[in-house]
Amino acid sequence: MKNGARRTWRLRLYVAGQTPKSIAALANLQRLCDRYLAGRYRIEVIDLVQQPHLARRDDIIVVPTLVRQLPPPIRKIIGDLSNVERVLQGLDVSPRDDEA
Amino acid sequence: MPTSIRHRKPGPLKRAGNGRHPLAKAPTGIPGLDEITNGGLPRGRPTLVCGGAGCGKTLLAMEFLVRGALEYDEPGVFMSFEETTDDLVENARSLGFDLQRLSARRRLLLDHIHLERSELMETGEYDLEGLFIRLGDAIDSIGAKRVVLDTIETLFTGLSDRFVVRAELARLFRWLKAKRVTAIVTGEREAEHLTRQGLEEYVSDCVILLDQRVQEQSATRRLRILKYRGSAHGGNEMPFLIDDHGVSVLPITSLGLSHQASTAHLSTGVAGLDGMFGKKGFFRGNSVLVSGTAGTGKSSLAAHFAEATCRRGERSLYFAFEESPSQITRNMASIGIDLAPWMRRDLLRIHAQRPTALGLEAHLVTMHRLIEEWRPRVVIVDPVTNMIAVGSEIEVKAMLARLIDFMKLRQITALFTSLTEGGGAAERTDLGVSSLMDVWMLVGNPEANGERNRAIQIVKARGMAHSNQVREFVMSEHGVTLVDVSRRADGSVAIGSARGAEQRHVPAGPAKPSRRRGSK
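Given the structure is predicted, the values throughout are model-derived calculations rather than measurements. (Residues numbered from 1 in each chain as written. Chains lettered and ligands numbered in written order. Predicted model: local features only at pLDDT ≥ 70, side-chain atom pairs only at ≥ 80, totals over all residues.)

### Topic: the overall build of chain B
Within chain B, the regular secondary structure consists of 14 helices and 28 strands. Per-residue burial over chain B gives 49% buried out of 520 residues. Contacts in chain B between residues at least 24 apart in sequence constitute 70% of all its contacts with a sequence separation of at least 6. (Helix = DSSP H or I, 4+ residues; strand = E, 2+ residues; numbered from the N terminus. Buried ≥ 20, exposed ≤ 12 C-beta atoms within 10 Å, placed from the backbone. Contact = placed C-beta atoms within 7 Å.)

### Some remarks on the overall build of chain A
Helices and strands together make up the secondary structure of chain A, namely three helices and four strands. The contacts of chain A with a sequence gap of at least 6 include a subset with a gap of at least 24, amounting to 66%.

### Considering the interface of chain A and chain B
In this assembly, 29 residues from chain A lie in contact with 21 residues from chain B. Looking at the side of chain A that touches chain B, the elements that each hand over two or more residues are α2 (53-57), β4 (75-78) and α3 (84-91) of chain A. Of the strand pairs in this sheet, β4 of chain A and strand β6 (residues 120-122) of chain B are connected by three bridges, and their pairing is parallel. Bridging across to β6 of chain B, isoleucine 77 of chain A finds its partner in methionine 121 of chain B. (Pairing = 2+ DSSP bridges.)

### A few points about the pairing of strand β23 (residues 455-461) of chain B
Residues and elements named next belong to chain B. Where strand β20 (residues 439-444) meets β23, six bridges bridge the pair, whose relative direction is antiparallel. Looking at the pairing, tryptophan 440 lines up with lysine 460 of β23. Bridge analysis of β23 against strand β24 (residues 470-476) gives three bridges, and the strand direction is antiparallel. Bridge assignment links isoleucine 456 to a residue of β24, and that residue is arginine 471.

### Here we look at the sheet that holds strand β3 (residues 65-70) of chain A
Through backbone hydrogen bonds, the strands of a sheet pair up, either in parallel or in antiparallel fashion. Spatial strand order, β2(A)-β1(A)-β3(A)-β4(A)-β6(B): five strands in an open sheet with mixed pairing. Edge positions in the open sheet fall to β2 (41-47) of chain A together with β6 of chain B, since each of these has one partner strand only. Strand-to-strand twist of the sheet, defined as the mean angle between neighbouring strand axes without regard to direction, takes the value 25°. Here strand β1 (residues 9-15) of chain A pairs with β2 of chain A via seven bridges, running parallel. When the sheet's bridge partners are listed, leucine 11 of chain A is paired in β2 of chain A with isoleucine 43 of chain A. The strands touched by helix α1 (residues 20-36) of chain A within the sheet are β1, β2 and β3 of chain A, with β1 of chain A carrying the most contacts at an inclination of about 165°. (Axes fitted to C-alpha atoms, helices over the stretch in contact; angles between N-to-C directions.)

### A closer look at helix α9 (residues 298-311) of chain B
Residues and elements named next belong to chain B. An ideal rise of 1.5 Å per residue puts 20 Å on 14 residues; α9 measures up with 20 Å between its terminal C-alpha atoms. Burial runs high along α9: 13 of the 14 residues are buried. Following α9 by one or two positions, glycine 313 adopts a phi angle in the positive range, close to 85°. (Expected span 1.5 Å × (residues − 1).)

### Overview of the nonpolar core
Residue and element names in this part refer to chain B. Counting 162 residues, the largest nonpolar core has Val148 and Ile380 as its most contacted members. With eight residues, the top contributor of residues to this core is helix α2 (residues 57-71). Split by domain, this core shows at least three residues from each of two domains, domain 1 (45-115 + 127-249) and domain 2 (265-441). With residues near it in sequence (within four places) discarded, valine 148 still touches Ala61, Phe64, Leu65, Gly76, Phe78, Met79, Ala183 and Ile184. (Core = buried A, V, L, I, M, F, W, Y, C linked by C-beta atoms within 7 Å. Domains from an automatic or database assignment.)

### Concerning the sheet that holds β24 of chain B
Residue and element names in this part refer to chain B. Taking strand neighbours across the sheet as the criterion, the nine strands line up as β17-β16-β18-β19-β15-β20-β23-β24-β25 in an open arrangement whose pairing is mixed. The open sheet terminates on both sides in strands that have one partner only, identified here as β17 (348-352) and β25 (479-482). Pairs of neighbouring strands in the sheet enclose a mean axial angle of 20°, with direction left out of account. Pairing geometry for strand β16 (residues 316-320) and β17, over five bridges, is parallel. Paired with tyrosine 318 across the two strands is isoleucine 350, which belongs to β17. Here helix α12 (residues 360-374) sits on the sheet and contacts β16, β17 and β18 (378-382); the angle it forms with β16, its principal contact strand, is near 160°.

### A closer look at helix α5 (residues 129-142) of chain B
All names here are of chain B. Between the first and last C-alpha of α5 there are 20 Å, a value that for 14 residues agrees with the 20 Å anticipated at 1.5 Å per step. Looking at α5, one finds that the buried residues are Glu129, Gly130, Leu131, Phe132, Ile133, Arg134, Leu135, Ala138 and Ile139. Once α5 ends, the next one or two residues include glycine 143, with phi positive near 65°.

### Topic: the environment of leucine 169 of chain B
Residue and element names in this part refer to chain B. On the secondary structure map, leucine 169 appears in helix α7 (residues 162-179). For leucine 169, a count of 23 C-beta atoms within 10 Å gives the class buried. Sequence separation between leucine 169 and tyrosine 202 is 33 residues; the distance between their C-alpha atoms is 7.9 Å. What leucine 169 contacts, discounting residues up to four positions off in sequence, is Ile152 and Tyr202.

### Some thoughts on the confidence of the model for chain B
Residue and element names in this part refer to chain B. Here chain B averages 82 in pLDDT, while 81% of its residues score no lower than 70. Taken together, the stretch residues 1-20 has pLDDT below 50 and engages in 27 contacts with residues farther than four places along the chain or on a different chain. Predicted confidence is poor over residues 424-428, with pLDDT under 50, and the contacts of this stretch with residues over four places away or in other chains come to seven contacts. In the model output, the complex is listed with pTM 0.67 alongside ipTM 0.91. (pLDDT = per-residue confidence, 0-100.)

### Considerations on the environment of leucine 65 of chain B
All names here are of chain B. With respect to the helices and strands, leucine 65 occurs in helix α2. Given 31 C-beta atoms within a 10 Å radius, leucine 65 is considered buried. Placed 81 residues apart in sequence, leucine 65 and arginine 146 show a C-alpha to C-alpha distance of 6.5 Å. Setting aside anything within four residues of it in sequence, one finds leucine 65 in contact with Gly76, Phe78, Leu108, Arg146 and Val148.

### Let's talk about unusual backbone geometry
For residues other than glycine, phi is negative in most cases, and the peptide bonds are mostly trans. In this model, leucine 70 of chain A is joined to proline 71 of chain A through a cis peptide bond whose omega is -5°. Mapped onto the elements, proline 71 of chain A comes out in the loop between β3 and β4. With omega at -10°, the peptide bond leading from aspartate 382 of chain B into proline 383 of chain B counts as cis. With respect to the helices, strands and loops of the structure, proline 383 of chain B is situated in the loop between β18 and α13 (393-409). One non-glycine residue, leucine 81 of chain A, adopts positive backbone phi at about 65°. Within the element layout of this structure, leucine 81 of chain A appears in the loop between β4 and α3. By C-beta crowding, leucine 81 of chain A is classed as buried, having 29 other C-beta atoms within 10 Å. Unlike most non-glycine residues, aspartate 346 of chain B shows phi in positive territory, near 55°.

### Here's the deal with the pairing of strand β15 (residues 287-292) of chain B
Residues and elements named next belong to chain B. Judged by how many residues are buried, β15 sits mostly within the fold: six of six residues are covered. With burial as the criterion, each face of β15 is covered, one bearing Ser287, Leu289 and Ser291 and the other bearing Val288, Val290 and Gly292. Pairing of β15 with strand β19 (residues 413-419), which is carried by six bridges, proceeds in the parallel orientation. Within the sheet, the bridge partner assigned to glycine 292 lies in β19 and is leucine 419. Of the pairings in the sheet, the one linking β15 to β20 comprises five bridges and is parallel in character. Opposite glycine 292, over in β20, you have valine 443 as the bridge partner.

In structure tokens form, the structure reads like this:
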């Protein structure tokens, strides 16, 4: 599939409280999305400390975990998202997408 | 739940802080395991159960939770890193455990963690706080007192950062202790290492090793307690079995010679034979060996003893390794021993099984279980020699020693028949098990003066004055009857037709021939 304008990203970031890793992950994700996916993404942050039952429902053990719900297939990306290249790979975004 | 899963519960729980038992225990409810651990696993602490693939780790851990939920009012969380919850439910069904029902009643919570490295993209620093939250939530949601993590080593293959995983595992074990849950953590055994990832480093209180070996085409499972802090334990390997009742461990060892010796007597069921034991019979709790060649009346003596037991209103459990129950009742009826009424009144049970149907240990575990469940006062094993078909002589002897210890502790009187090869010295044979026995009787039909006559002799009877005579006996529609002794002038004993010819001699010995058997 070409990087058509209709393609959107629905992302869910699981963290556990306001830890340095959570804060870094959210900042990294925000920056990355703004640059490469501007206007085509939605981020939902889930704090497992607040909603512990979601860890089982969504099969999470590692935090931070970023789940790419769209585009399919569902993918799990773990860590503080500091490795931009790998995050882009996991999101299925090519660096040129920001030019789209 | 089938009623058959009811087992004897161990005694009152030992509480922490009474000085003599510094470590509180959580009973597993698994037959045998609580005995060898003196009450169960360390309460509120993690225990490591390790072993190779297929050794039974998962089932043992699952049974710990199921029995905890059913018998000790302690709900449990099973966190599986390998099998899916559907697989767990299916596998537990084969042990008679209904996990779905337990889950629905919130006595059990099954959680499967799917962790596959190829599906995870690692992009920076992470930790396992999600696992802690998930487990904590599961524990809190059903008030769990028990937890199983099976097997947590999967984390090492699922995640690339070994340093993080190790640090998080150490934290997890501390966390489990702080949560005060009694936990089983399983680990995969590899080569010389107890577990692939050295989980034993994290578990300081109790380590149990499971093992499965295939020997002469039958698999035997063994369990060993490698470590149990603050608690005496036998370091011996103990056989265990997984069947449709779950896990059973065969407790052995140091029970040894501490049992109480009874001075109560039990009739052998043959009045003349009682006479040879000073009119009284065996001591309660004795182990009795009756050995002899084929067709000498061993089973008949066994049946007499069983019947005499039933007559007293006591239960008698007959393990038959050669004949079916109907064969036994028919044959015994032909010599006037009617077992059927006792079976109808459930005072006699005959458990028939081909010896080759199971491995030696499986037989013994089955016997243990039946004895524990039904609690007979007398157990017959007919013939014990058939056991040798499924184990080596040394093994048979060791297992038999365990079985005898087990029965002695419960004051169960046991009678074993033993088939000896014809023609040879009967005393030489008997698997070397006669040393384990309190009473040893030899039956035979020696040929003398052109005829064969049945004869019985007491080789030994610990703690009892007993006749040293070789006595003739007959088997008729009245059962086994000892014949009066005819003593010749030179002191030798006349038997068979010689006795008839010499009836003028005065009968010796305390016994009189008896028409009636047993005590009325």
